[in-house]
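# Fold and geometry: a report
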Amino acid sequence: VTAPVAVLGDLAWSDLDIPSCLARNRDEIASCVLRRPGYNSSRGYAISMLTAEELDLPFLDARSTLCPDSRNCAPVVDGIVLYHDHHHLTTTMSKYLATPLGAALSQVVEGLSSP
């Protein structure tokens, strides 16, 4: 039995401890924005993207949900704090991502069963 395989892009580390930054800047959360150029330069992200390409596997990128802006990533999306430290998603954000990632995985599985 062959199981569908996809590569989930790595989420980058932030230079900021997001919850601490938000606590210090309650009235100005823009101070806690992640700059996307640095966010995109994650070595893990590059490796996962290259691996998917090299093995011709679908690449699932949660960053499009987390960072819809091409230049910056908000520290809070739809009222949910992204990280609970420098690089680990909050449990709430992980649950939030289940819907878009589930939809992407469904497409991968459907693509395998198509003639």
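Attention in this report is confined to the structure presented alongside it. (Residues numbered from 1 in each chain as written. Predicted model: local features only at pLDDT ≥ 70, side-chain atom pairs only at ≥ 80, totals over all residues. Heavy atoms only, no water.)

### Let's talk about the overall build of the protein chain
If you tally the helices and strands in the protein chain, you get 5 helices and 6 strands. Taken from N to C terminus, the helices and strands of the protein chain fall in the order β-α-β-α-α-β-α-β-β-β-α. (Helix = DSSP H or I, 4+ residues; strand = E, 2+ residues; numbered from the N terminus.)

### Brief notes about the nonpolar core
The nonpolar side chains of a soluble globular protein tend to be buried with one another. Counting 17 residues, the largest nonpolar core has Leu11, Leu66, Leu82, Tyr83, Leu89, Met93 and Leu97 as the members making the most contacts within it. Of all the secondary structure elements, the ones that give two or more residues to this core are α1 (18-24) and α5 (91-113). Looking at this core element by element, the count peaks at 3 residues for α1. In contact with leucine 89, not counting residues within four places along its chain, are Leu11, Leu66, Leu82, Tyr83, His84, Ser94 and Leu97. (Core = buried A, V, L, I, M, F, W, Y, C linked by side-chain atoms within 4.5 Å. Buried < 20%, exposed > 50% of the residue type's maximum accessible area, 1.4 Å probe, protein only. Contact = heavy atoms within 4.5 Å.)

### Some words on unusual backbone geometry
Of all residues except glycine, most have a negative phi; of all peptide bonds, most are trans. One non-glycine residue, aspartate 56, lies in the positive phi region at around 55 degrees. Note that aspartate 56 resides in the loop between α3 (43-54) and β3 (59-60). For aspartate 56, a relative accessible area of 69% translates into the label exposed. For aspartate 78, which is not glycine, the phi dihedral falls at a positive 50 degrees. Mapping aspartate 78 onto the fold places it in the loop between β5 (76-77) and β6 (80-81).

### Observations regarding the side chain of serine 48
Looking at where serine 48 falls in the secondary structure, it is placed in helix α3. Serine 48 gets classed as buried once you look at its relative accessible area, which sits at 9%. In contact with serine 48, not counting residues within four places along its chain, are Val7, Leu8, Gly9, Asp10 and Phe59.

### Some points on the side chain of threonine 90
Secondary-structure assignment places threonine 90 in the loop between β6 and α5. Note on threonine 90: relative accessible area 13%, which makes it buried. Of the polar contacts made by the side chain of threonine 90, one reaches the backbone oxygen of valine 81; its length is 2.8 Å. Discounting residues that sit within four places of it in the chain, threonine 90 has contacts with Ile80, Val81, Leu82, Tyr83 and His84. (Polar contact = N/O pair within 3.5 Å; in protein donor to acceptor, adjacent residues only side chain to side chain.)

### A short note on the environment of leucine 11
Looking at the secondary structure, you find leucine 11 in the loop between β1 (7-8) and α1. For the pair leucine 11 and leucine 89, spaced 78 residues apart in sequence, the C-alpha separation works out to 8.7 Å.

### A closer look at α3
In this model α3 runs 16 Å from its N-terminal to its C-terminal C-alpha over 12 residues, within 8% of the 16 Å that 1.5 Å per residue would give. Count one or two residues on from α3 and you reach aspartate 56, which has phi positive near 55 degrees. (Expected span 1.5 Å × (residues − 1).)

### Notes on the environment of valine 76
The residue valine 76 is located in strand β5 in this model. For the pair valine 76 and proline 19, spaced 57 residues apart in sequence, the C-alpha to C-alpha distance is 10.0 Å. Discounting residues that sit within four places of it in the chain, valine 76 has contacts with Leu22, Ile29, Val81 and Leu82.

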